[in-house]
Amino acid sequence: MMNPQTPIEKLPGIGRYFSQKLRRLEIKTVEDLIYHLPFRYDDFSKIEKIQNVAPGEKLSVHGVVWQIKNIRTPRGKFVTTATVADQSGAIDIIWFNQPFLTKNIKSGMQISLSGKVEIKGNHLQLISPAYEIIRHSNLKMENSTLHTGRLVPIYPETEGVSSKWIRAKIAQIFPSYLKSVKDFIPNKIVPHQKFLDLKEALYKIHFPKNYQEVERARHRLSFDELFLLQFLALMRKKDRQETKIAHKMKIDIPKINNFVKKLPFKLTSAQLKATKEILSDMQREIPTNRLLEGDVGSGKTVVAAIAAYVAYLNGFDTLLAAPTEILAFQHQKTLEDILSPLGMKVGIWTGSKKIKGHITCGTHALLLSYKDERQIGLVVVDEQHRFGVAQRAKLFLGQAKDLTPHLLTMTATPIPRTLALTLYGDLDLSVLDEMPAGRQKIATYVVPNYKRADAYKFIEKQIANKRQAFIITPFVEPSETMLSVKAATDEFEKLKTKFSSKIKLGLLHGRLKSKEKEKIIKEFREGKIDILVATPVVEVGIDVPNAVVMMIESAERFGLAQLHQLRGRVGRGKYQSYCLLFTDSRAENSLRRLKSMEKIHVGFELAEIDLKMRGPGEVFGLKQSGFVNLKIADLSDQKMISQAQSEAKKLIEEDWQLTKYPLLANKLSRFQSELAQPN
Ligand code: ADP
Ligand code: MG
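Predicted, not measured: the structure shown is a model, and the values here were computed from it. Here the residue numbers are simple positions, counted from 1 along each chain's written sequence. Naming scheme: in the order in which they are written, chains are lettered from A and ligands are numbered from 1. Residues qualify for local features only when their pLDDT is at least 70, as the model is predicted, and side-chain atom pairs are given and counted only at 80 or more; totals for whole chains, interfaces and linings, by contrast, use all residues. Only hydrogens and water are removed before side-chain values are computed, so all heavy atoms of the structure are retained for them.

**Student:** Before we go on, may I ask you to explain the packing of aromatic side chains in this structure?
**Tutor:** In this description, an aromatic ring pair is defined by two values, namely the gap between the centres and the angle between the planes. Pairing of aromatic rings covers Phe, Tyr and Trp, the last through its six-membered ring, and needs centres within 6.5 Å; plane angles under 30 degrees mean stacked, over 60 mean edge-to-face, and all others mean tilted. Within the structure shown, the criterion is met by 17 aromatic pairs. Plain terms: the ring middles of Phe 223 and Phe 227 are 5.6 Å apart, the flat faces sit at 20 degrees to each other, and that makes the pair stacked. Of this pair, Phe 223 and Phe 227 are both found in helix α8 (residues 211-243), 4 residues apart, which corresponds to roughly one turn of the helix. Look at Phe 223 and you get buried, because its relative accessible area is 0%. Throughout, exposure labels follow a simple rule: accessible area from a 1.4 Å probe, protein chains only, divided by the maximum for the residue type, with under 20% read as buried, over 50% as exposed, and the rest as partly exposed. A relative accessible area of 0% places Phe 227 in the buried class. On the numbers, 4.9 Å between centres and 85 degrees between planes, the contact of Phe 458 with Tyr 578 is edge-to-face. Remark: Tyr 578 occurs in strand β22 (residues 578-582) and Phe 458 occurs in helix α16 (residues 452-464); sequence separation between them is 120 residues. Aromatic ring contacts, followed pair by pair, group Phe 174, Tyr 177, Tyr 203 and Phe 207 into a single cluster. Only Lys NZ and Arg CZ are tested; either one counts as a charge over a ring when it is within 6 Å of the ring centre and within 35 degrees of the ring normal. Between the NZ or CZ atom of Arg 467 and the centre of the ring of Tyr 575, over which it lies, the distance is 3.6 Å. Where helices and strands are cited, they refer to DSSP runs of H or I of at least four residues and of E of at least two residues respectively, numbered from the N terminus.

**Student:** How do you make sense of the sheet that holds strand β19 (residues 505-508) when you look at a structure like this?
**Tutor:** Through backbone hydrogen bonds, the strands of a sheet pair up, either in parallel or in antiparallel fashion. At least two DSSP bridges between two strands are needed for those strands to be called paired. With parallel pairing, 6 strands are arranged side by side in an open sheet as β17-β22-β21-β18-β20-β19. Looking at which strands have only one partner, the edges of the open sheet turn out to be β17 (443-447) and β19. Taking the axes of each pair of neighbouring strands and ignoring which way they run, one obtains an average angle of 15 degrees across the sheet. Where β19 lies against strand β20 (residues 531-534), 4 bridges are found, and the strand directions are parallel. Opposite Leu 508, over in β20, you have Ala 534 as the bridge partner. Helix α19 (residues 560-567) contacts β17, β18 (468-472), β21 (547-552) and β22 of the sheet and is inclined by roughly 150 degrees relative to β21. Residues are treated as being in contact if the distance between any of their heavy atoms lies within 4.5 Å. To obtain an axis, a line is fitted to C-alpha atoms, over the contacting stretch when the element is a helix, and the angle between two such axes runs from 0 to 180 degrees between their N-to-C directions. The sheet contacts of helix α20 (residues 588-599) involve β17 and β22, and relative to β17 the element is tilted by about 160 degrees.

**Student:** I would appreciate a short explanation of unusual backbone geometry in the present structure.
**Tutor:** Peptide bonds are trans in most cases, and residues, glycine excluded, mostly fall at negative phi. Non-glycine residue Asn 97 carries a positive phi angle of around 55 degrees. Assignment of secondary structure puts Asn 97 in the loop between β4 (89-96) and α3 (101-104). What makes Asn 97 partly exposed here is its relative accessible area of 44%. Backbone geometry at Ser 128 places phi at a positive 45 degrees, although glycine is not the residue there. As for its position among the elements, Ser 128 is in the loop between β6 (123-127) and β7 (130-133). The exposure class of Ser 128 is partly exposed, given its relative accessible area of 37%.

**Student:** Would you mind showing me how to read helix α7 (residues 198-206) here?
**Tutor:** Think of an α-helix as turning once every 3.6 residues; residues three or four places apart then point the same way. All buried positions along α7 are accounted for by Leu 198, Ala 201, Leu 202, Lys 204, Ile 205 and His 206. On its buried face, α7 is in contact with α2 (30-34), β1 (40-43), β8 (151-154), α5 (163-180) and α8. By the criterion applied in these results, polar contacts are pairs of N or O atoms within 3.5 Å in which, for protein atoms, one can donate a hydrogen and the other can accept it, and in which residues neighboring in sequence qualify only through two side-chain atoms. Between the side-chain oxygen at the start of α7 and the backbone nitrogen of Lys 199 there is a gap of 3.0 Å, and the oxygen is on Asp 197.

**Student:** For this particular structure, what's the right way to read the nonpolar core?
**Tutor:** Throughout this description, the term nonpolar core refers to a set of buried Ala, Val, Leu, Ile, Met, Phe, Trp, Tyr and Cys residues connected via side-chain atoms within 4.5 Å. Ranked by internal contacts, the top residues of the largest apolar core, which has 72 residues, are Leu 221, Phe 227 and Leu 664. If one sorts the elements of this core by residue count, α8 sits on top with 11 residues. Apart from residues lying up to four places away in sequence, Leu 221 is in contact with Tyr 35, Leu 37, Leu 198, Ala 201, Leu 202, Ile 205 and Ile 632. By size, the runner-up hydrophobic cluster in this structure holds 40 residues, among which are Ile 256, Ala 274, Val 303 and Phe 329.

**Student:** I would appreciate a short explanation of the domain arrangement of the protein in the present structure.
**Tutor:** By a widely used convention, the size of an interface equals the accessible area lost when the partners come together. Note that the domain bounds reflect an automated or database-derived domain assignment. Domain assignment breaks the protein into domain 1 (1-39 + 155-181), domain 2 (44-149), domain 3 (253-432) and domain 4 (443-600). Placing the centre of domain 1 and that of domain 4 at their C-alpha centroids yields a distance of 38 Å.

**Student:** Can you walk me through the pairing of β8 in this structure?
**Tutor:** Side chains on a regular strand alternate between the two faces of the sheet. Every second residue of β8 is oriented toward a common face, with Leu 151 and Pro 153 on one face and Val 152 and Ile 154 on the other, all of them buried. Across 4 bridges, β1 lies against β8 in antiparallel orientation. Counterpart to Asp 43 in the pairing with β8 is Leu 151.

**Student:** Honestly, the packing of α19 against helix α21 (residues 603-613) in this entry has me stumped. Any pointers?
**Tutor:** Pairs of packed helices are described in terms of their axes, by the angle between the two and the distance that separates them. In the contact formed by α19 and α21, the axes pass within 8 Å of each other and the chain directions differ by 150 degrees. The angle between α19 and α21 places the two elements in the roughly antiparallel class. On α21, the residues touching Leu 560, Ala 561, His 564 and Arg 567 of α19 are Gly 603, Leu 606, Ile 609 and Asp 610. Its residues assigned to classes, the contact of α19 with α21 comprises 4 nonpolar, 2 polar and 2 charged. The labels follow the angle: roughly parallel below 35 degrees, roughly antiparallel above 145, roughly perpendicular from 65 to 115, and oblique for the rest. Classes in brief: Ala, Val, Leu, Ile, Met, Phe, Trp, Tyr, Cys and Pro nonpolar; Asp, Glu, Lys and Arg charged; the others, Gly included, polar.

**Student:** Explain the packing of helix α11 (residues 300-313) against helix α12 (residues 325-339) here, please?
**Tutor:** Running from N to C, α11 and α12 point in directions that differ by 60 degrees, and their axes come no closer than 11 Å. As summarised for this structure, α11 and α12 are arranged oblique, according to the angle between their axes. In this structure, α11 meets α12 at a crossing whose hand is right-handed. Facing Thr 301, Val 302, Ala 305 and Tyr 309 of α11, the residues of α12 in contact are His 331, Leu 335, Ile 338 and Leu 339. By residue class, the composition of the contact of α11 with α12 is 6 nonpolar, 2 polar and no charged. Each crossing gets its hand from how the near helix is turned against the far one by less than a right angle, where anticlockwise is left-handed and clockwise is right-handed.

**Student:** Help me out: how do you make sense of the side chain of Ser 222 in this one?
**Tutor:** Mapped onto the elements of the fold, Ser 222 is located in helix α8. If sequence neighbours within four positions are ignored, Ser 222 has contacts with Ile 632, Ala 633 and Met 640.

**Student:** Got a minute to help me understand the pairing of strand β2 (residues 58-72) in this structure?
**Tutor:** Here β2 runs beside strand β5 (residues 110-120); their pairing, made up of 7 bridges, is antiparallel. Bridge pairing in β5 places Lys 58 opposite Lys 116. With 8 bridges connecting them, β2 and strand β3 (residues 78-86) associate as antiparallel partners. In the strand pairing of β3, Lys 69 is matched with Thr 81.

**Student:** I would appreciate a short explanation of the pattern of salt bridges in the present structure.
**Tutor:** As a working rule, side chains carrying opposite charge can pair if their charged atoms are close by. Salt bridge, as used here, is a side-chain nitrogen of Lys or Arg placed within 4 Å of a carboxyl oxygen of Asp or Glu. Per the counting criterion, the structure on display carries 26 salt bridges. Notably, a salt bridge pairs Glu 31 with Lys 667, separated by 3.8 Å at the nearest N-O pair. Taken together, the positions of Glu 31 in helix α2 and Lys 667 in helix α24 (residues 662-675) put the pair 636 residues apart, joining distant regions of the chain. Each member of the pair, Glu 31 together with Lys 667, is buried. Notably, a salt bridge pairs Lys 595 with Glu 598, separated by 3.6 Å at the nearest N-O pair. Note that Lys 595 and Glu 598 are positioned in helix α20 at a spacing of 3 residues, about one turn of the helix. On the basis of relative accessibility, which here comes to 37%, the residue Lys 595 falls in the partly exposed class. Relative accessible area serves as the criterion here: at 24%, Glu 598 is assigned to the partly exposed category. Overlapping salt bridges, with partners in common, bring together Lys 273, Glu 277, Asp 281 and Arg 290 in one network.

Next up, the structure:
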């Protein structure tokens, strides 16, 4: 018997071959496949009599195949031509380079065709339409066709797994899936909010009769996601408050003042305010759970350093988790400069080097293997633009002792406050909304393709002046696959030919061993590499004051917050710096969005723009920008967010441990592990 958790390879006709491909779409179970949702639909719902078809229309026709044959063009290409007729008339069909079609489609068959009608000479043709042979059995179904003659769903695809394939599989498993699925949203919420029930919503998202049905289905499924998201956050908060105890830290004000005075700069008032908020949290026995938000360069590290110093004065150690090893090493170096004069030992915990200190820096993953002999009093998670909600939770379990450490999460993603509350309702928020004095604006330009050569010349000129540059290669896939590494390598080779041979280029991508990465970064820092070419996914969290140009390919594919973050890699020294955004896109919206980078230099404002400009259809874009791994919900839908929030709050009050709602408890734990998937 199939259930939602049945591994996908157990289904007939899938096996290892397809299950490996499906993994790339994050589909591992039957439920994952059912929740692989269409991102748009082709509207072929209009079934037209052949005599009524008109050029330019997107439509479907149903008829009988009169004849079908392959022709070879003088250039050796295959063209398949067919004639299909219904009671009203006949129409010509043409397919290119699919000679195998004559094996599937035979004259006399009933067929459904969907596509665009074109006019050739004086008669009408359907060019390369989707087709579907109508067999007796599926005529009985409510929707007699799957790939034609309806709103045809288009799914995220991967090589070897087309939307057509996905449609067929979903149709095949849907009836038995429906038998095993149960609605996990408590009974009283669904009718109260006038939602479709879960089965209906899932059916309608894959097999809608019209767009209204799609909308209602999306509505229900979006609610689910937002509800789960907020319930999780509230549950974590409740759990921390009710069941966890932290050490009440004493704050030695004179010592802290002395430390602050010795810093080579004066703290901004935003830094002072955030520091006060964090220290007052640490004085309580409820474990701190605070998010420190601040643009790149706003000075978050020193705030964390002060908190670590407080822990140290109380006899506790601190762990600092960075998103990459590169950043872990960088943190170690920075912290050593400011903390070792105070007698603190700064350690590092990476694949190759393991030295414990009063504060120990490592990656999120590596710190899971840290064995704490001394009690950890504070954990600092530097997430840059990634948010591993569940990752953070995991880090925690790894350190579970009698006392729970205080937790400070730092991020450079300028998430608007409302959004932060939605995603991280369990966190308190401190914001560094002020940059240290004297920071320069980075001159930013959206560069059209025809000015590419000029841009390369500009970079050469900067290098002639002994400066350095970053080039971010085109965005191929949202993760570091072999494909994207190959694309980056190709791009790298191409770039080499664009610059004079005296200029040294280095390539950095996520598939390099960490030793190699370190070597390249070191060479860049020492000026032995002039241009650091990096993939979009690689964390270029490198502080090189001499780098003055950040050039980004396919800029339209990034979220603005992400672009802002990349831009923040230059302008770290005293030299005027530049950000060049390349794009092939001619879409007006896309250009307008990018253009806002030229004028706006505050991360928060850029993030707001991104949220507003990306409609409900763009959730995948949101995913890319690293906010959170949601499948369908629109994070700018305030109304839905507050609806979900109030239902979640009610349920938390009633039964926060979900003893009465095992289905929901079960769903939540799966949802949580999905959120933790790297995106
Ligand atoms: P981020 O918030 O991006 O992590 P960092 O903590 O790395 O920023 O700080 C960026 C740079 O700014 C560092 O070189 C740091 O020493 C410096 N810095 C931090 N606070 C101040 C300040 N108040 N005035 C001047 N420079 C500062
Ligand atoms: Mg930082």
